[in-house]
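Take a look at the letters that make up each chain.
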Amino acid sequence: VFNFSAGPAALPEPVLRQCAAEMLDWHGSGMSVMEMSHRGPQFIAIAQEAEALLRELLAVPANYKVLFMQGGAIGENAIVPMNLLRGKTRIDFVDTGAWSQKSLQEAGKYGEAHVAASSAATGYDRVPPRADWQLDPDAAYVHICANETIGGVEYFFDPDVGAVPLVADMSSNLLSRPVDVSKYGLIYGGAQKNIGPSGLTIVIVRDDLIGQALPCTPSAFDYKTVADAESMYNTPPTWAIYVAGLVFRWIKDRGGLQAMEAHNRAKAAVLYDYLDATDFYRSPVQRDCRSLMNVPFHLKDKALDAAFLKGAEARGLVQLKGHRVVGGMRASIYNAMPIEGVHALVDWMQAFEREHR
Ligand code: PLP
């Protein structure tokens, strides 16, 4: 099948094959990676290689720590303010939809969460222009959701927010294209889209933001504790780190993030070009903010939604139903989705349109 799930999402087939081949006996150790001590030499080598590859792919500067954590991006919505308030109270949020709202609500338990800009008035169809953001120079940090997985709105610029650290939830677009890490104080994301299985959370944080956590911060979620222990303060999600390492290697072997970007832009263009060429389907997002990863679309007549999904499934095009909050359809086309999957989807959309026009 071609799997359009928003996450947990399809993983590259060669990675899954390698997992299967090594499942019972990793490199002649007689053990599965799942059965290894996280403190043993084999797993430490696996984790170190995964981190080195991630650093290489993203060109992470030396003054940033890469942390392998747990709790997901929703956990980070609390963990970030606990670590980054640093004696301040205000946090500025750019509200672009469901995920930035979730971050804002959670942060409000720890600080004064303020909406610096919002696209609510236009139905979350865009990123509010940077010129409209009302930022407080004394805020602890500015938070954005770099790609709204539900609404399909993506940033195609790194916002300049002056000296205030910029924090980005990149759960659904990290590793889809190059990113200038130095423009961010902190980047976080759950792994279950472009990185690997769920259970692993990636945090990339600038050194100077570490070490000032609120006293109530659980030790396992204090970036200093995690960084000092090289992500082994408590037992990390070992299997997820191993699979993530295989995905990083797969990306590198395919030409790194520039190659991923070209592949992702080509796929997204196939789908958006068709959406723009017909009035039978509609994209709800402004052109310059359309996500390369998550493509929501609506049928002209939503009474046809169930028939569309049923026919799609019959053709092996699965998990296309849109999020319940917005309805309609959503095609998530992460790195592992081949362009053939997008062509197969557009073929089906055209056939369905001809039948029901
Ligand atoms: N933020 C974004 C942008 C997401 O797409 C998701 C979805 O999984 C989350 C946060 C929630 O992440 P998790 O389920 O890993 O906590």
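Bear in mind that the values here come from a model prediction, so they are computed numbers and not experimental data. (Residues numbered from 1 in each chain as written. Predicted model: local features only at pLDDT ≥ 70, side-chain atom pairs only at ≥ 80, totals over all residues.)

Chemist: Is there a simple way to think about the nonpolar core in this case?
Modeler: A general feature of soluble globular proteins is that nonpolar side chains tend to end up buried together. Membership of the largest hydrophobic core comes to 105 residues, with the highest contact counts inside it found for Leu186, Ile202, Val205, Ile241, Ala244 and Val247. For this core, the element with the most residues is helix α6 (residues 238–253), which contributes nine residues. Each of domain 1 (2–6 + 255–356) and domain 2 (27–253) accounts for three or more of the residues forming this core. When near neighbours in sequence (up to four residues on either side) are disregarded, Ile202 contacts Phe68, Leu174, Tyr188, Gly189, Ala191 and Ile195. (Core = buried A, V, L, I, M, F, W, Y, C linked by C-beta atoms within 7 Å. Buried ≥ 20, exposed ≤ 12 C-beta atoms within 10 Å, placed from the backbone. Helix = DSSP H or I, 4+ residues; strand = E, 2+ residues; numbered from the N terminus. Domains from an automatic or database assignment. Contact = placed C-beta atoms within 7 Å.)

Chemist: What's the story with the site of the ligand in this structure? I'm lost.
Modeler: Surrounding the ligand, one finds Gly7, Gly72, Ala73, Ile74, Trp99, Cys145, Thr149, Asp169, Ser171, Ser172 and Gly190. Top contributing element to the shell around the ligand by residue count: helix α3 (residues 72–84), with three residues. For the shell around the ligand, the residue count by class is four nonpolar, six polar and one charged. (Near = placed C-beta within 6 Å. Nonpolar A, V, L, I, M, F, W, Y, C, P; charged D, E, K, R; others polar.)

Chemist: Would you mind going over the sheet that holds strand β10 (residues 201–206) with me for this structure?
Modeler: Sheets are built from strands that pair by backbone hydrogen bonding, the pairs being arranged parallel or antiparallel. Ordered by their spatial adjacency, seven strands build an open sheet running β2-β10-β9-β8-β5-β3-β4, and the pairing between neighbours is mixed. Where the open sheet ends on each side, the last strands, each with one partner, are β2 (64–69) and β4 (112–118). Each neighbouring strand pair of the sheet contributes to a mean axis angle of 20 degrees, computed without reference to strand direction. Two strands pair when backbone bridges link them, and strand β3 (residues 90–95) and β4 are joined in this way by six bridges, in the parallel orientation. By the bridge assignment for β4, Phe93 is matched with Val115. Strands β3, β4, β5 (141–145) and β8 (166–169) of the sheet are contacted by helix α4 (residues 98–107), whose axis makes an angle of about 165 degrees with β3. (Pairing = 2+ DSSP bridges. Axes fitted to C-alpha atoms, helices over the stretch in contact; angles between N-to-C directions.)

Chemist: Help me understand the packing of α3 against α4, please; the structure alone is not making it clear to me.
Modeler: Angle between the axes and distance between the axes are the two parameters that describe a pair of packed helices. With their axes 9 Å apart at the nearest point, α3 and α4 run at an angle of 45 degrees to one another. In terms of their interaxial angle, α3 and α4 are classed as oblique. The handedness of the crossing between α3 and α4 comes out as right-handed. Touching Ile74, Asn77, Ala78 and Pro81 of α3 are Lys102, Ser103, Glu106 and Ala107, all from α4. Taken together, the residues of the contact of α3 with α4 break down into four nonpolar, two polar and two charged. (Parallel < 35°, antiparallel > 145°, perpendicular 65-115°, else oblique. Left-handed = near helix turned anticlockwise from the far one by under 90°.)

Chemist: In this structure, what is going on with the pairing of β8? I would like to understand it.
Modeler: Residues of β8 alternate between two faces, with Leu166 and Ala168 on one and Val167 and Asp169 on the opposite face, all of them buried. Here β5 pairs with β8 via four bridges, running parallel. By the bridge assignment, His143 is partnered in β8 with Val167. Here β8 pairs with strand β9 (residues 186–190) via three bridges, running parallel. Counted as the bridge partner of Asp169 is Tyr188 from β9.

Chemist: Looking at this model, I keep getting lost on the confidence of the model for the chain. Mind explaining?
Modeler: Detailed conclusions should not be drawn from predicted coordinates in areas where pLDDT is low. Residue-level pLDDT values for the chain average 98, and 100% of them are 70 or greater. Scoring of the predicted complex yields 0.98 for pTM and 0.99 for ipTM. (pLDDT = per-residue confidence, 0-100.)

Chemist: Just checking my understanding: could you explain α4 for this structure?
Modeler: Each full turn of the α-helix corresponds to 3.6 residues, which orients residues three or four apart in the same direction. Listing the buried residues of α4 in full gives Trp99, Ser100, Ser103, Leu104 and Ala107. Seen from one end, α4 has its buried residues packed into an arc of 140 degrees, which puts them on one side. Against α3, β3, β4, β5, β6 (147–148) and β8 lie the buried residues of α4. (Arc of directions from axis to C-beta.)

Chemist: How should the UniProt feature "modified residue: N6-(pyridoxal phosphate)lysine" (unreviewed entry) in the chain be read in this particular structure?
Modeler: As recorded in UniProt, the feature "modified residue: N6-(pyridoxal phosphate)lysine" (unreviewed entry) lies at Lys193. Inspection of the secondary structure puts Lys193 in the loop between β9 and β10. (UniProt positions renumbered as here; feature names shortened; annotations may be inferred.)

Chemist: Even after reading the chapter, I still don't get the UniProt feature "domain: Aminotransferase class V" (unreviewed entry) in the chain, so can you show me in this structure?
Modeler: In the UniProt entry, the feature "domain: Aminotransferase class V" (unreviewed entry) is given for residues 1–345. In residues 1–345, helix accounts for 32% and strand for 17%; the two terminal C-alpha atoms are 11 Å from one another.

Chemist: Is there a simple way to think about the packing of helix α1 (residues 13–22) against α6 in this case?
Modeler: Two elements in contact, α1 and α6, have axes whose closest approach is 9 Å; the angle formed by their N-to-C orientations is 140 degrees. Between α1 and α6, the angle is such that the two are oblique. For the element pair α1 and α6, the recorded crossing hand is right-handed. Within the contact between the two elements, α1 uses Pro14, Val15, Gln18 and Cys19 and α6 uses Val243, Leu246, Val247 and Trp250. Counted by class, the contact of α1 with α6 contains seven nonpolar, one polar and no charged residues.

Chemist: Even after reading the chapter, I still don't get the environment of Ile150, so can you show me in this structure?
Modeler: Tracing the backbone through its elements, the reader meets Ile150 in the loop between β6 and β7 (153–154). Given 20 C-beta atoms within 10 Å, Ile150 falls into the buried group. When the C-alpha atoms of Ile150 and His263 are compared, they prove to be 22 Å apart, with 113 residues separating the residues in sequence. Discounting chain neighbours no more than four positions away, the residues touching Ile150 are Gly97, Ala98, Trp99, His323, Val325 and Val326.

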